[in-house]
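Residues per chain are reported as follows:
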Amino acid sequence: MDFPVFMALLICALTVPGFGDMGSGKAQSCSDIRQFYNGKGFSLNGVPQSEISGEHLRICPQGYTCCTSVMEDSLSNLSRTEMEGLIRDAGRALQASLNGQYKVFDGYLLELLNRSEGILQQSYPPALGSLYIQNTRVFSDLYTELRRYYRGSNVNIEEALNEFWARLLERMFKGANGRYLIGDDYLECVSKQSETLRPFGDTPRDLKLKVTRTFVAARSFVQGLVISGEVVRKVSQVPLSPECMRAIMKMTYCPHCRGVATARPCANYCANVLKGCLANQADLDTEWRNLADAMLQVSNRFEGVSSVDVVLLSLPTHISEAITTMMDNIDTFNNKVFQACGNPREGGTSSTGLEEVKRRGKVTVEDSPTSGARLEKLVSDVSRRLRDMQPYWVSLPSTLCSDRVATRAQADKCWNGMARARYLPEVMGDGLASQINNPEVEIDITKPDMTIRQQIMQLKIMTNRLKNAFNGNDVDFQDTSDDVSGSGSGMCTDENCPRGPRLMAPSTDRPKVYAYPPENKKVVKASADHNLPSIAVIIVVIIFTQT
């Protein structure tokens with residue numbers, strides 16, 4: 001054989017990977033991974049006793065390994081399940097915090113409503129007598145409408161207040177003119193005259209402004225807590241994409257298949273994997289922060305002389321003052337009404353409820369403590385939690401990595417996705433657009449997750465409503481979310497929550513960018529300790545035998 005041909009054959013032979021262990025003549029034992037694999041709940045059927053060649057591996061580096069294809073698939077599914085569980089657990093923790101704030105604030109406001117109505121029910125009968133007893137429904141309906149509005153029903157709070165004053169005027173006018181027969185047409189004329197005569201003084205106008213601003217702010221605030229909790233729940237249930245599942249498996253369980261089970265992922269490596277996996281979630285950051293800022297702004301409405309406790313607990317006092325104003329000026333009011341609407345026909349009862357009221361005296365409402373310190377603490381606590389939750393979506397990758405990555409002292413011995421060595425690529429930015437060159441997770445930045453985009457839109461809508469509420473503008477909450485009615489807490493933190501269809505992230509055809517050479521395209525050495533007998537020796541022997 002010619003010498004050049006011999007040298008060519010020899011070089012080719014030396015580049016062919018060999019098998020076996022030149023030192024010991026045996027492959028390493030798989031006892032450790034067998035114990036680990038069985039501890040995860042998998043059967044040991046088909047699990048090798050000693051290392052085998054890894055050409056079959058599709059995710060992990062294809063060196064000598066103790067993992068079969070079935071094991072790789074099982075561990076890959078397990079890594080996805082575990083990571084999705086961690087994401088849901090982190091979401092539940094935030095949901096629980098938001099739900100806790102909702103329950104505290106909601107309970108306090110309903111308590112104020114009950115206390116306010118209780119004050120009215122205790123203080124009005126002694127002074128108003130039959131005028132109150134016969135018209136209890138007028139007052140109770142006002143509080144019912146306030147509760148319905150707060151709970152998110154389609155109630156116009158200004159119209160509810162106008163209706164209350166109109167009904168109260170009707171009852172008091174009839175009571176003051178009991179000897180007359182007063183029909184609906186006459187009462188309609190009285191109502192029109194009241195717009196200029198203002199029988200209750202300035203109280204209806206002042207109260208409308210205070211109550212409307214207070215309830216608009218309170219309702220928008222609790223709805224903000226509800227919507228933010230719903231966004232967390234839905235986004236936390238978005239499944240990981242197949243590309244992310246591969247990256248998670250490679251980071252989590254490929255070290256076991258590679259024989260370096262004790263190597264923890266490099267910090268920057270874990271960051272890139274999870275920034276890629278949670279890229280869509282990170283795009284929530286801007287609107288999430290905007291929502292928190294808007295809620296903090298609205299929470300300022302709960303302090304000072306227009307705070308929710310001051311307005312609600314003073315409601316009976318303001319109403320009693322309005323009643324007193326009308327009683328003091330009833331004669332003047334009657335004369336002007338009679339001039340404008342004509343004298344009504346006589347034929348009613350001779351007694352009037354207002355005469356009884358005048359004998360009893362004015363309504364006296366005892367001052368009730370406003371619990372200002374309690375409200376101040378509630379606002380302070382929720383404000384602190386809102387500030388704490390602002391960076392949630394962009395900090396989620398580092399939160400999930402914090403307990404699993406190697407320390408700085410182990411930077412040269414951590415798992416970088418291919419071996420126990422330093423991780424060289426730089427850390428990617430936050431959000432989908434920043435992942436175009438992510439070396440660990442293949443992502444098509446032109447195809448955002450639709451479930452998350454819908455939740456971003458929900459945050460924008462809620463933020464806009466909070467801004468309107470801060471300016472005192474009433475808003476409609478009927479369509480804030482596809483399954484949040486606003487009639488209850490809307491918070492859901494368990495597995496029984498309704499779920500929509502699970503949207504899988506689309507696969508793409510974009511070429512992969514590797515942090516290291518794609519060694520899984522060929523069989524590589526398992527470790528530096530594996531000195532394998534080369535078949536080059538066999539080829540050389542054959543060549544010389546034939547020459």
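From a predicted model like this one, the values you see are computed outputs, not experimental measurements.

Let us now look at the overall build of the protein chain. When you go through the protein chain residue by residue, the secondary structure sums to 21 helices and 2 strands. Among the 547 residues that make up the protein chain, the fraction classed as buried is 49%. Taking the contacts inside the protein chain whose residues are at least 6 apart along the sequence as the reference set, 84% of them involve residues at least 24 apart.

On to the nonpolar core. Counting 138 residues, the largest nonpolar core has W288 and I319 as its most contacted members. The leading source of residues in this core is helix α3 (residues 69-128), at 19 residues. Excluding anything up to four places from it in sequence, W288 contacts L94, L98, S228, V231, V232, M389, Q390, Y392, W393 and L459.

We now examine the state of the cysteines. Note on terminology: a disulfide is the covalent bond linking the sulfur atoms of two cysteines. Per the counting criterion, the structure on display carries 7 disulfides. Here C270 is linked by a disulfide to C401, with a sulfur-sulfur distance of 2.0 Å. Classification of the bridge connecting C270 and C401 rests on its S-S torsion, roughly -95°, and on that basis the disulfide is left-handed. Linking C270 in helix α11 (residues 267-277) with C401 in helix α19 (residues 392-401), this pair joins segments that are 131 residues apart in sequence. The exposure classification of C270 matches that of C401, with both residues buried.

So, about helix α6 (residues 157-176). Along an α-helix, a turn takes 3.6 residues, which lines up residues three or four apart on a common side. The end-to-end C-alpha separation of α6 is 29 Å, in line with the 28 Å expected for 20 residues at 1.5 Å each. Within α6, the full set of buried residues consists of I157, A160, L161, F164, W165, R167, L168, L169, M172, F173, G175 and A176. Put simply, N156 is the residue that caps the front of α6, since its side-chain oxygen is 3.0 Å from the backbone nitrogen of E158.

Okay, the pattern of salt bridges next. For the structure shown, the criterion picks out 21 salt bridges. A salt bridge links R171 to E170, with the shortest nitrogen-to-oxygen separation between them at 3.2 Å. Residue classification places R171 among the partly exposed residues on the basis of a relative accessible area of 26%. Linking D206 and R205 is a salt bridge whose minimum nitrogen-to-oxygen distance equals 3.8 Å. What makes D206 partly exposed here is its relative accessible area of 38%.

The next thing to look at is the packing of aromatic side chains. Applying the stated criterion to the full structure yields 18 aromatic pairs. Aromatic pair F105 and F221: ring centres 5.1 Å apart, planes at 55°, arrangement tilted. Remark: F221 occurs in helix α8 (residues 203-236) and F105 occurs in helix α3; sequence separation between them is 116 residues. F221 matches F105 in its accessibility class, with the two residues each being buried. Their ring planes at 40° and their centres at 5.2 Å tell us that Y132 and F139 sit as a pair that is tilted. Residues Y132 and F139 agree in their burial class; the two are buried. One aromatic cluster in this structure is built from Y124, Y132, F139, F164, W165 and F200. The aromatic ring of Y149 is capped on one face by R219, whose charged end is 3.9 Å from the ring centroid. For the cation-ring pair, R301 lies above F470, with the distance from its terminal atom to the ring centre recorded as 4.4 Å.

On to the packing of α8 against helix α13 (residues 285-299), then. The geometry of α8 relative to α13 is characterised by a closest axis approach of 10 Å and an angle of 155° between their N-to-C directions. Taken as axis vectors, α8 and α13 run roughly antiparallel relative to one another. Handedness of the crossing formed by α8 with α13: left-handed. Within the contact between the two elements, α8 uses A217, S220, F221, G224, L225, S228, V231 and V232 and α13 uses W288, L291, M295, V298 and S299.

Turning our attention to the packing of α11 against α19. Between α11 and α19, the least distance of the axes is 9 Å, while the angle of their chain directions is 135°. Here α19 runs oblique to α11, going by the angle between their axes. Classified by chirality, the crossing of α19 by α11 is right-handed. Seen from α11, the contacting residues are C270, A271, L274 and K275; seen from α19, they are P397, L400 and C401. Taken together, the residues of the contact of α11 with α19 sort by class into 6 nonpolar, no polar and 1 charged.

So, about the environment of D444. Within the element layout of this structure, D444 appears in the loop between α19 and α20 (450-470). D444 gets classed as buried once you look at its relative accessible area, which sits at 18%. Note: C-alpha distance between D444 and A433 (11 residues apart in sequence) is 9.2 Å. Side chain to side chain, D444 and T446 meet in a polar contact 2.5 Å long.

Turning our attention to the environment of A166. Within the secondary structure, A166 sits in helix α6. In this structure the C-alpha to C-alpha distance between A166 and V190, which are 24 residues apart in sequence, comes to 9.7 Å.

With phi around 45°, R198 is a residue other than glycine that occupies positive phi space. Here R198 is to be found in the loop between α7 (184-197) and α8. A relative accessible area of 44% places R198 in the partly exposed class.

A word on helix α16 (residues 330-341). If you check α16, its first and last C-alpha atoms are 16 Å apart, about what 12 residues at 1.5 Å a residue would give, namely 16 Å. Within α16, burial applies to I330, F333, N334, V337, F338 and C341. Burial along α16 is one-sided: seen end-on, the buried residues are contained in an arc of 130°. Exposed positions of α16 whose direction lies more than 90 degrees from the buried face are D331 and Q339. Once α16 ends, the next one or two residues include G342, with phi positive near 90°.

Locating T212 in the fold gives a position in helix α8. Once you skip the residues sitting within four places of it in the chain, T212 turns out to touch I157, E158, L161 and L207.

Moving on, we come to the environment of T399. Mapped onto the elements, T399 comes out in helix α19. Separated by 312 residues in the primary sequence, T399 and I87 place their C-alpha atoms 9.9 Å from one another. A polar contact of 2.9 Å, which involves the side chain of T399, links it to the backbone oxygen of S395.

Before going further, it helps to spend a moment on the confidence of the model for the protein chain. Chain-level pLDDT for the protein chain is 81 on average; 77% of the residues reach the 70-or-more range. Long-range and interchain partners of residues 3-25, a stretch whose pLDDT sits below 50, account for 34 contacts in this model, where long-range means more than four residues apart.

Definitions and limits used
Starting from 1, residues in each chain are numbered consecutively following that chain's sequence as written. Only residues with pLDDT of 70 or above have their local features reported here, since the model is predicted, and side-chain atom pairs are shown and tallied only from 80 upward, although totals for entire chains, interfaces and linings are computed over all residues. To obtain the side-chain values, all non-hydrogen atoms of the structure were used and water was disregarded. Strands are runs of DSSP state E lasting at least 2 residues, helices are runs of H or I lasting at least 4, and numbering of each runs from the N terminus. Relative accessibility under 20% of the residue-type maximum defines a buried residue, over 50% an exposed one, and the middle range a partly exposed one, all with a 1.4 Å probe and only protein chains included. Whether two residues are in contact is decided by their heavy atoms: any pair within 4.5 Å suffices. To qualify as a nonpolar core, a set must consist of buried Ala, Val, Leu, Ile, Met, Phe, Trp, Tyr and Cys residues joined through side-chain atoms within 4.5 Å. Note on disulfides: each one is a pair of cysteine sulfur atoms within 2.5 Å. To estimate how far a helix should reach, multiply one less than its number of residues by 1.5 Å. Counting of polar contacts relies on pairs of N or O atoms within 3.5 Å, with two restrictions inside protein: one atom must be capable of donating a hydrogen and the other of accepting it, and residues adjacent in sequence are counted only when both atoms are side-chain atoms. Salt-bridge detection follows one rule: a side-chain nitrogen of Lys or Arg within 4 Å of a carboxyl oxygen of Asp or Glu. Side-chain rings of Phe, Tyr and Trp (the six-membered ring for Trp) are treated as a pair once their centres are within 6.5 Å; stacked means planes under 30 degrees apart, edge-to-face means over 60, and tilted covers the remaining angles. For a ring to carry a charge above it, either NZ of a lysine or CZ of an arginine must fall within 6 Å of the ring centroid while also lying within 35 degrees of the normal to the ring plane. To obtain each axis, a line is fitted to C-alpha atoms, and for helices this fit is confined to the stretch in contact; angles are then taken between N-to-C directions over 0 to 180 degrees. Here the angle decides the label: under 35 degrees means roughly parallel, over 145 means roughly antiparallel, 65 to 115 means roughly perpendicular, and every other value means oblique. When the near helix sits turned anticlockwise from the far one by under a right angle, the crossing is termed left-handed; a clockwise turn instead gives a right-handed crossing. Side-chain classes are defined by residue name, with Ala, Val, Leu, Ile, Met, Phe, Trp, Tyr, Cys and Pro counting as nonpolar, Asp, Glu, Lys and Arg as charged, and the others, Gly among them, as polar. Working note: the arc is built from the helix axis to C-beta atom directions. The pLDDT score gives, residue by residue, the confidence of the prediction method on a 0 to 100 scale.

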